[in-house]
Structure formats: structure tokens, C-alpha cells
Amino acid sequence: MEYNFREIEKKWQQRWVANQTYRVTEDPEKKKFYVLNMFPYPSGAGLHVGHPLGYIASDIYARYKRSQGYNVLNPMGYDAYGLPAEQYAIQTGQHPAITTVQNIARYREQLDKIGFSFDWNREIRTCDPEYYHWTQWAFIRMFGSYYDNAQGKAMPIEGLVAHFEQNGSEGIDAACSENLEFTAAEWKAMSEKEQQEVLMNYRIAYLGETMVNWCPKLGTVLANDEVVDGVSERGGYPVVQKKMRQWCLRVSAYAGRLLEGLDRIDWTDSLKETQRNWIGRSEGAELTFKVKDSDVEFVIFTTRADTVFGVTFMVLAPESELVATLTTPEQKEAVEAYLDATKKRTERERIADRRVTGVWSGSYAINPLTGESIPVWISDYVLAGYGTGAIMAVPAHDSRDYAFAKHFGLEIRPLIEGADVSEESFDAKEGIMMNSPRPEQKGECDLVLNGLTVKEAIARTKEYIKEKGLGHVKVNYRLRDAIFSRQRYWGEPFPVYYKEGMPYMVPESCLPIELPEVAKFLPTESGEPPLGHATVWAWDTVNNCVVENAKVDNVTIFPLELNTMPGFAGSSAYYLRYMDPHNHEALVDDKVGEYWQNVDLYVGGSEHATGHLIYSRFWNKFLYDLGYSKNDEPFQKLINQGMIQGRSNFVYRIKDTNTFVSLNLKKNYDVTPIHVDVNIVSNDVLDIEAFKAWRPEYNDAEFILEDGKYICGWAVEKMSKSMFNVVNPDMIVEKYGADTLRMYEMFLGPVEQSKPWDTNGIDGCHRFLKKFWGLFYGRNGELLVTDEAPTKEELKSLHKLIKKVTGDIEAFSYNTSISAFMICVNELSSLKCAKKEILMPLVVALAPFAPHVCEELHELLGGEGSVCDAQWPAWNEEYLKEDSVTYSISFNGKTRFTLDLAADMDNATIEQTVLANENTQKYIDGKTIRKVIVVPKKIVNIVIS
RNA sequence: GCUCGAAUGGUGGAAUCGGUAGACACGAAGGACUUAAAAUCCUUUGGCCAGUGAUGGCUGUGCGGGUUCAAGUCCCGCUUCGAGUACCA
């Protein structure tokens, strides 16, 4: 029998479906293992060979774990909402719901051909009302919660209300947008609307007036991680800053826990580092400055409290509320002109053109330590969103302050011994302090830092500030709250209606609020959300439903929120829903959640480091606080699969002709490289007939060949249609089979490494499978398998393999385990070994990589059930031991001798072996062996004299 | 600018703890089978030198130093490439 992969793969894929082989249910008798892939956006282009890389890697691990007796959850679904799906729908002019369903069908068809062990009974789609019910539910819970800093967790907002009624804001330590102070009496005196506004300051999901990244071309706001270099990540359109009322999630409340949690999870260091940078913890002090001749005070944040004696000016962010207060009448005109100019610059212009700009406010601040008067400036190098939006400037020791001081001719006072600040600032946090204070500052202040190191001085100053009540120690995070509204159609609707301008949640029992049909789903540049085009979109508070054919009367019928949720909303807790996807009563049943806990192995791209992987951790921590998630961290181990790049091929046309010259001859001509479809090139050799047929203009092309062939050039580029380098997995499966595709994708190199797709080597993997098949069936199709007892040599080959593969799978080193299979099959093949006792474990071990052919052969060997339920083979060290070790040494090409080394050389140490051999000195050509350096099993070096 | 990572034959890559560098695969060259092709199998394959030959010698993991009996691996200083981040006070 020949290795007929088409029949085998079809047969087993059908049987897996019929037998529900990959269906998984909670089984308290078995240990659980949860494997998860980042679910795909079903884009219109379908899958290319790069997409399944991570799925194959995780599928191998899932099958391996299952073989080891674990109850493995390995689900798959689609992230169908959000910008990419909608952009595709806009491009094709079709309704996103229709294109999404089509795209999903296409994805599924492609995925099914590769033979994954997904439990499709658990499939979820983020755009399915059954699913986004729980996205809306989580949002309602976030609206109904605040973050208690003292307890370090989210709490119901009712508790906060009770506290306000008793004690006002006294004794509350909660994450908030703005520090408010009021008494219980003041709270009670507030109107409902006023109280709601106060609560909004604390809610985890809140409506905030914030500066947002507005992308006019996309017609929506974007989160910080969706903006790259001042343009939108998707489409590359300009982004401007705009103040808008938006739903926000108080992610910043969790900054500390998000940072600290990184120490407890098994992610790569680089990914953790990226998240640490994004969270951006910095420890410093807040210091209060009074404004000269005024009652006004303001607070600045600094990490360099030690430099307080070198402050020569203050700077406010242009957006700061203090700007209006501190601008003097004489400076009003200049300041307003400056603010106007700043507003006009987009984020991108600010990045591209880093001019020093600014204007004096006219006011002075008082240094709280020395009593000096310091001018207050306004400049856009200070950001409103970080710290307090105001800084104390120390030009001698901060390069930005330095540039500003040089530009405007402000004083620069060095504070560290030996620091030369004539050309540039000295930013390093090291050295010995001086001039702190200067003699003329001394009278006002009893703090002396001179002679201390910078680190000591920082600590000393912080203490002093605390003692004197001038400020306090503070930890700041760079992480901002997530903006959660999108002016888009294709997203989850908010379960929110508005009464007198204040938002109210619809009752949880009325969920989900389904996305309505609209006349036009295209976004508008003005920012009016497409849901405004819905004919019916209001909430009836009497009947508790979305109303049809009724008008908003603001008495019983109120307008619903017109924005929708962003792409990351649906992807933030999907791993929890996979545990219990058909539950109508809860996101996850409590017992089911307790069983599956969290994801043990998560596989996906590192591009989600500052987006999905932050939001998901936040969302999970929130649900954990409320008891719905059972583990504080959602993804225990994370593997980033590398990107598969394209490998483009080129032909070289001689200028102004239709003649093409082969790669190694092109230097003799003036040529233009032209992309050629990689599918008509094999091992860089062009299929000339296919090329002529490819495009009409090449029908009569002429070729200058080398060795009778046309060799194409190549380059690594992004895989894209325009480069003609897209390779479709369906075509590979058709030509070589899914098992070959799976093995080759893994053989290409380490899973975590980015690499170009190169079809050239695939024959090697296909040949391997044929050889493997050849162990079972002879050339003429005769069955070779016997029940004979295996020899020692055969056992050694097998056990060496099992040991290697088991270790390699654990380390995700799939390429080396495939090499081990190749070696083993070659060995068995030359031993003509077709013994069942050897072949059975081999089949089980290979099954995660090549499941179809292994199912077939497992059945042939008489195995029961599916091969993925067969027990993973164990290895026996006894079989791996060497019988005797003889070391042959040759010297000067003539003399050979054999060292008679101790039998327990395997365990010998270097010292022992050197000694052992010095005691038995031997002579070679009259020279003495001085030393023989031996490590277990190996002679490494011989020193002679 | 800062942070992290990488660099090994013609190509993808291996070397798990500092221990025979180049496993495994592709490609290439030569051979067997075949009317021929495909498929399959066998041999050679980092570079240089010597030898009819078995074989031997030298050299070799981006560059320059160092530690060590021993360095692709550890340390110091560079070069190049990639990723992340960027007025974060």
C-alpha cells in the first residue's frame, strides 16, 4: 500500500467529527489542562501559511498532554467585532454581518483541513448576542464597582454610597479621576444628578471628559495602543487630540497589581519588560508650590526631589487648568496665541518636529524650601496626562529642561560635583551633591544635601518634605485608563440609556441588548455614531425593552447609547466563556470555573503585548475581585509564535525588452527586477511555461538561461498579495497533505522565531512520512509488521527518541524533535525493523505532529480508540547505557592506541580522570602524556610533552 | 535616545550544564535503477593544504580583547540587524 495521504486524512477527519473525538467535558477524576490560541479576526483574505503556525504548535502540545492523561481544553472561536471586520465590510460594500459569516465559513473550511483537535462544540463568536451578553454584563458590573485602594480590590459602588452617607469622603481611599472632599451632610444635600456625577468619579467603567486620540478618517477614537507614531495602527491615518465625552475603564487602578502579577507568570522576559514599560511605574514625590502674591497653590510630581535647589523655572502643560489661573493680564495675548498654535499641531507633528516652544505665564511660584521666586512657563513638552501636568524644571540635570532653558536663556545651576553642564545636562542619577543649598539659599532652609550621593539625597529630601508637610511620597504610573467608546457600528452596543444626560444601566435580566439594523453603517468624519441611523433605538423603562415605533419622550422612553464597544471588549474574557459557552445563567458556572481555573498555555503574537494582553489581565482581575474568575492571572504560560514572512521571487527583465535573464547572469545586463508569483517557482527555478501563461504580456517572453534553467532571485518581505508571495495552506495540503504541512511548519525553525516561509524544504518532511509509512508497508504494498521481540539496538533507538521528544515538546522545541524522528526512522529503516513493540510507541509519539497518518497506523497495529488517548510512552534509561567505551587515540597520523579507561567513566569527574591517566602514563613516539582531559563519555583534550 | 533580543556552511537551522561546532533537512555534485522521466536508493558536501589512498594538518560560529585544560556558549569593548518604547519629569 502506498502512503495515500488524501484518503487517510479525509477518512480520519470525518471519523473525528462522527465520533466527537475532541469533545471535552469537565472530569473531576482527571487533571485539567487548558490550551488556548489567540482567536483570529476572520478577515476576508482567508488564511495564509503563517496563520496556522501557532495553532499547530499548541495543537501538538494539547495532543501530547492528552496522551499523558490530562483532560485538555483546546477551544477555538472568532474575534468577529471591531475595526478590521468593519473595514473589510466597508471596502467590499457589504454588511459586516454577512461578510463576517462568509469569512468565518472560509476560515473554518481551511482550519478543518489541517486536522486540529479543537472542540468545536465550544466555538464562540464575539458578535453573537449569546456571547456579547456577557461582555455587556461585565460592563454593567464595572459601572457598579469602584476600586478600593486600601483593600486592593474592586468593591460594589453601594458600599461607597453608604460610606458617603455616614462619613462623606472622609477615610475613603479609592481610585478616582479627581480627589473630592465633602461631608456626609454635603452629600445628602446633593441632587441625584450631582450624586451621580460624584459616583462617576469612582466607577471602574465611567463616563469621562477626556483628551482622546481622534482619527477623522476612521471616524472614531482610538486607544493608546491603537496609535503608532501618531497615526492609526490600522490604515495609517492621522490622529489628532480632541476632548470628548467617552466611556472609559479605570485600568489605571489596577496598575500596581498588573505590574506585580508579572512576577508570578511564565511569559518571556521581553514581553514582561514591554508590559512593565507600558505600565511605567515611577517612584517620586509630589511637592506643593505656592504662587507669588496669590492664594493659588499647585502640585508637581518629581522623581528627582534631590534637585529642588536647582529649580530655576516651572512649566505647565498647555492643557492644564492652571494656565488660565496663572496667566497675568499682560501675558494673556501671548499665552492665548501659544495655546492656539499648540492645539493646531497633531500628535504626529509634535513627534516629527521637536522644536522647543513655550511662553511665560507672567506669574512666579515660590520654592517651598528656599522661598525663591521662580517664573512659571507654559510649554507642550509637559504632558497634561502624566503626573499633575506641571513640573519643576531643573535644567542642569534634565535634558528637556536644559533645551528649554538654553532656548529661552534661563539659568542653569549644576548640583552634582564634576558635572559639566556647559554643553549638555547631566541626567544620570549618580554623583555627589553640591550647591544644595547654595550659600545664598541657606537662610531660608535647614535641609542640607551637600556631600550626599544622589540616591541618599533623594531619600533625605522626601523625608524632609513629609516632615514639613510640603508634599508627600507618591508612585505614578504611565498606564492610562482605556477609552471604551467607539463611534462605530460593528461592535457591542452598550447596555446604557440616558436620563437627564446621566447614564443608567439597563437591568441585567434584559441582556443582551442586540445590535440593531441601521440604514447606513459607515462612520462619519464628524464623529456621529452610525447607531444614530437606527430607526428604533431607545429604551422603554416601563416594559424594560428596546422600543419599536415609539418616540423618545424622556419620561418613560429614553435614548440608548449610540457608541459601541471597542475591539478589545469581546476579546478580554473570552477564555472564561470557552469553559462554559452555552450557559444562559452566568458567564461561567462557578463549579466549571473552579475546575478549569485559567489558561495553562496561551499561544499568540507578541503584537498584543500592550493591548489585548493588558486589557485581558485587567478584565480578569476585575472579575476575580468579584469572584467570577478563579485565578488572578488569566494566562499562566505564554508563548509568542514568530511571524511568518513572505519569501518573494524575482525575474529580471532586460530594460526595454521582453527578455528575462537568469539570476547569476543578470550582472551583464541592465535589468529591472519584477515580482513573480511564488506558486510558479519551485526551488527558485521558474516554471517557464507557467510564467508565459501567467500574464498576457509574457506570452512571447524570451529567456536567457543558465544550465538550461531560469533561476529566480528572492527576498524576504511581508506576505502580501501585491508581492505575489502568499502561500495558501490549502494548496500545501492538497499537494503534500496536512500531516506534512504540520510537520514542515514546525520543522522550519523555533516556534518563537520569525522566519520567512520557504516551500523549498517541504519535500524533506514529506519524504520522512513516506519512509515512516515504509516501516509498515513494503515496496509492493505487503504488510511488514511482525510480533517479533525487538533487539537491544532497536530498543535503544526507540528509547533515545522518546526521551528526546518528551523533553523537546516540554520545551516547545518541535524542530529538534522532528529531527529525532527522522534519525530514528532512518535507523529502524536500515535495521529493517517492523516490530509492533517498537512501532506502537513510535506511532503514539508521532501522533501530535502527524495525527492523521498515526491514527491510520495505530488502527493497523490494533490500537483501541483514537491514538490521542493512547498512553504517552515512557523511556527506560537501561536501554540507553553504553556497554563498553573504548577510546581510540591517533597521533601524528601514525600511532594509534587505545586508552583503557575505567568502566564507570560515565560518572567520572575531570580531576578523577586526569589522575587516573597520569598514573598510567603512556609513551607515544617518545613523548609523555601529561594530561588527558575527560568529561563523561568523552575525551576532550590530550596534553603531551 | 533608552530597554530587550539576535548574528553559526550555498539555505533553514542543531549543539539542553563551558566539553568532538555544523545534528536534521533543503540545495548542489556524482552514481545505481529506468528506453526516458518521475519516484526511490547510495556516495560526497564549511574553507584551505598535503596524499594514489585509508588519512592527516591548518583554519573556522559578526569584529577586537580576556577568563579557562577547554569558549558558538562566560566577562569587557565594538559593529550590524531586529523588536518594543519615546518629551513619563
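Up top you'll find the structure we're talking about.
Overview of the structure. Predicted model, so just to flag it, every value in this text is computed and none were measured.

## Here we look at the side chain of arginine 488
Right, on to step 1. Along the chain, arginine 488 falls in the loop between strand E17 (482-483) and strand E18 (496-499).
Right, on to step 2. You can call arginine 488 buried: its relative accessible area is 4%.
Right, on to step 3. Here glutamate 86 takes part through its side chain, which lies 2.3 Å from a polar atom of the side chain of arginine 488.
Right, on to step 4. Leave out the neighbours within four places in its chain, and arginine 488 touches Leu83, Glu86, Gln87, Ile90, Leu218, Thr220, Pro523, Pro530 and Thr564.

## As for the pairing of strand E14 (residues 373-378)
Right, on to step 1. Counting buried residues along E14, 5 of its 6 residues qualify, which places the element largely inside the surrounding structure.
Right, on to step 2. Inspection of the sheet shows strand E12 (residues 313-316) paired to E14 by 3 bridges, in the parallel sense. Looking at E14, one finds that methionine 314 is bridged to valine 376.
Right, on to step 3. Note: strand E13 (residues 359-366) against E14, 5 bridges, orientation antiparallel. By the bridge assignment, alanine 365 is partnered in E14 with isoleucine 374.
Right, on to step 4. With antiparallel pairing between neighbouring strands as the criterion, E13 and E14 make up a hairpin whose turn holds 6 residues, including glycine 371 at a positive phi of roughly 80°.

## Considerations on the packing of aromatic side chains
Right, on to step 1. Scanning the entire structure with this criterion turns up 65 aromatic pairs.
Right, on to step 2. Seen from their ring centres, phenylalanine 118 and tryptophan 120 are 5.7 Å apart, and the 80° between their planes marks the pair as edge-to-face. The pair formed by phenylalanine 118 and tryptophan 120 is uniform in burial state, with each residue classed as buried.
Right, on to step 3. An angle of 5° between the planes, with centres 5.8 Å apart, marks the rings of phenylalanine 139 and phenylalanine 484 as stacked.

## Some thoughts on unusual backbone geometry
Right, on to step 1. The omega torsion of the bond from serine 436 to proline 437 falls at 0°, within 30 degrees of zero and hence cis.
Right, on to step 2. Among the structural elements, proline 437 can be located in the loop between helix H14 (399-408) and helix H15 (454-468).
Right, on to step 3. In this structure, the amide linkage connecting leucine 511 to the following residue, proline 512, adopts the cis form with an omega of -5°.
Right, on to step 4. In this fold, proline 512 is placed in the loop between strand E19 (502-505) and strand E20 (538-540).
Right, on to step 5. For asparagine 544, which is not a glycine, the phi torsion comes out positive at approximately 50°.
Right, on to step 6. Assignment of secondary structure puts asparagine 544 in the loop between E20 and strand E21 (545-546).
Right, on to step 7. We note that asparagine 554 has phi near 55°; this positive angle belongs to a residue other than glycine.
Right, on to step 8. In this structure, asparagine 554 sits in the loop between E21 and strand E22 (557-559).
Right, on to step 9. Note on asparagine 554: relative accessible area 49%, which makes it partly exposed.

## Comments concerning the packing of helix H26 (residues 836-846) against helix H27 (residues 851-860)
Right, on to step 1. With their axes 9 Å apart at the nearest point, H26 and H27 run at an angle of 155° to one another. One way to sum up the angle between H26 and H27 is to call them roughly antiparallel. Taken as a pair, H26 and H27 cross one another with a handedness that is left-handed. Residues Met840, Val843 and Leu846 of H26 form the contact with H27, whose own contacting residues are Cys854, Leu857 and His858.

## Focus: the sheet that holds E22
Right, on to step 1. Reading across from one edge, E21-E20-E22 is the order of the 3 strands in this open sheet, with antiparallel pairing throughout. Unpaired on one side and paired on the other, E21 and E22 mark the two borders of the sheet.
Right, on to step 2. Sheet analysis places E20 next to E21, joined by 2 bridges and oriented antiparallel. Each residue of the ladder has a partner; that of aspartate 540, found in E21, is cysteine 545.

## Overview of helix H1 (residues 5-19)
An α-helix turns once every 3.6 residues. As a result, residues three or four positions apart point the same way.
Right, on to step 1. Between its first and last C-alpha, H1 extends 21 Å over 15 residues, near the 21 Å set by a 1.5 Å rise per residue.
Right, on to step 2. Taken as a whole, H1 has its buried residues at Phe5, Ile8, Glu9, Trp12 and Trp16. When H1 is viewed along its axis, its buried side chains cluster within an angular range of 95° and face the same direction. Facing away from the buried surface of H1 by more than 90 degrees, the exposed residues are Glu7, Lys10, Gln14, Val17 and Ala18.
Right, on to step 3. Those residues of H1 hidden inside the fold are in contact with helix H2 (52-67), helix H21 (729-736), helix H22 (738-747), helix H23 (762-774) and H27.
Right, on to step 4. Just downstream of H1 lies glutamine 20, where phi reads positive at about 50°.

## Digging into the sheet that holds strand E6 (residues 220-222)
Right, on to step 1. Strands sit in the order E6-E5-E9-E17 across an open sheet of 4 strands; the sheet is antiparallel. On the outer flanks of this sheet lie E6 and E17, each paired with one strand and no other.
Right, on to step 2. Strand direction decides the pairing type here: strand E9 (residues 240-249) and E17, joined by 2 bridges, are antiparallel. Within E17, the position partnered with leucine 249 by the bridge is alanine 482.

## Comments concerning the side chain of glutamine 441
Right, on to step 1. In this structure, glutamine 441 sits in the loop between H14 and H15.
Right, on to step 2. A residue is classified by how much of its surface remains accessible, and glutamine 441, at 2% relative accessible area, is buried.
Right, on to step 3. One polar contact links glutamine 441 to glutamate 372, side chain to side chain, over a distance of 3.1 Å.
Right, on to step 4. Within the structure, the side chain of glutamine 441 is placed 2.8 Å from the backbone nitrogen of arginine 438, a separation counted as a polar contact.
Right, on to step 5. If near-sequence neighbours (up to four positions away) are discounted, glutamine 441 is found in contact with Phe309, Thr370, Glu372, Arg413 and Asn435.

## As for the pattern of salt bridges
Right, on to step 1. For the structure on display, the rule yields 45 salt bridges.
Right, on to step 2. With a closest N to O distance of 3.8 Å, arginine 108 and glutamate 123 form a salt bridge. Of this pair, arginine 108 sits in helix H4 (residues 96-112) while glutamate 123 is found in the loop between H4 and helix H5 (129-143), placing the two residues 15 residues apart along the sequence.
Right, on to step 3. Classification of arginine 108 by relative accessible area gives partly exposed; the value is 27%.
Right, on to step 4. The shortest N-O distance in the salt bridge between arginine 647 and aspartate 758 comes to 3.5 Å. Of the two residues, arginine 647 is situated in strand E25 (residues 644-654) and aspartate 758 in the loop between strand E32 (755-756) and H23; the sequence distance between them amounts to 111 residues.
Right, on to step 5. Classification of arginine 647 by relative accessible area gives buried; the value is 10%.

## Comments concerning the packing of H23 against H27
Right, on to step 1. Contact geometry of H23 with H27 gives a least axis separation of 12 Å together with a crossing angle of 5°. The angle between H23 and H27 falls in the class roughly parallel. For the pair H23 and H27, the contacting residues are Leu769, Phe772 and Trp773 in the first and Val853, Cys854, Glu856 and Leu857 in the second.
Right, on to step 2. Here the contact of H23 with H27 is built from residues that sort into 6 nonpolar, no polar and 1 charged.

Basis of the calculations
- Position numbers for residues count from 1 along each chain, tracking the sequence in the order it is written.
- Chains and ligands are labelled sequentially in the order written, the chains with letters from A and the ligands with numbers from 1.
- pLDDT decides what is reported in this predicted model: residues at 70 or higher carry local features, side-chain atom pairs at 80 or more are listed and counted, and totals for whole chains, interfaces and linings draw on all residues regardless.
- The side-chain numbers reported here are obtained from all heavy atoms of the structure, hydrogens and water having been left aside.
- Comment: elements are numbered from the N terminus, with helices defined as DSSP H or I runs of at least four residues and strands as E runs of at least two.
- Here the term buried applies to any residue with accessible area under 20% of the maximum for its type, exposed to any over 50%, and partly exposed to those in between, with areas from a 1.4 Å probe on protein chains only.
- In protein, a polar contact means a hydrogen-donor-capable atom and an acceptor-capable atom, both N or O and within 3.5 Å, with residues adjacent in sequence counting only if both atoms are side-chain atoms; elsewhere, any N or O pair within 3.5 Å suffices.
- Between two residues, a contact is recorded if the distance between any of their heavy atoms is within 4.5 Å.
- Paired strands, as defined in this entry, are two strands with at least two bridges between them according to DSSP.
- We call Phe, Tyr and Trp rings a pair once their centres come within 6.5 Å, taking the six-membered ring for Trp, and we label the pair stacked below 30 degrees between planes, edge-to-face above 60, and tilted otherwise.
- Only C-alpha atoms enter the line fits that serve as axes; for helices the fit covers just the stretch in contact. Angles between N-to-C directions range over 0 to 180 degrees.
- Orientation categories follow fixed angle ranges, with anything under 35 degrees roughly parallel, anything over 145 roughly antiparallel, 65 to 115 roughly perpendicular, and all other angles oblique.
- Helix crossings are classified by the rotation of the near helix relative to the far one: an anticlockwise turn of less than a right angle makes the crossing left-handed, while a clockwise turn makes it right-handed.
- The span expected for a helix works out to 1.5 Å for each residue beyond the first.
- In this description, one arc is meant: the one made by directions from the helix axis to the C-beta atoms.
- A pair is scored as a salt bridge if a Lys or Arg side-chain nitrogen falls within 4 Å of a carboxyl oxygen belonging to Asp or Glu.
- In this count, Pro and Cys sit with the nonpolar residues alongside Ala, Val, Leu, Ile, Met, Phe, Trp and Tyr, while Asp, Glu, Lys and Arg are called charged and the others, Gly among them, polar.

So yeah, pure geometry; function would need other evidence.
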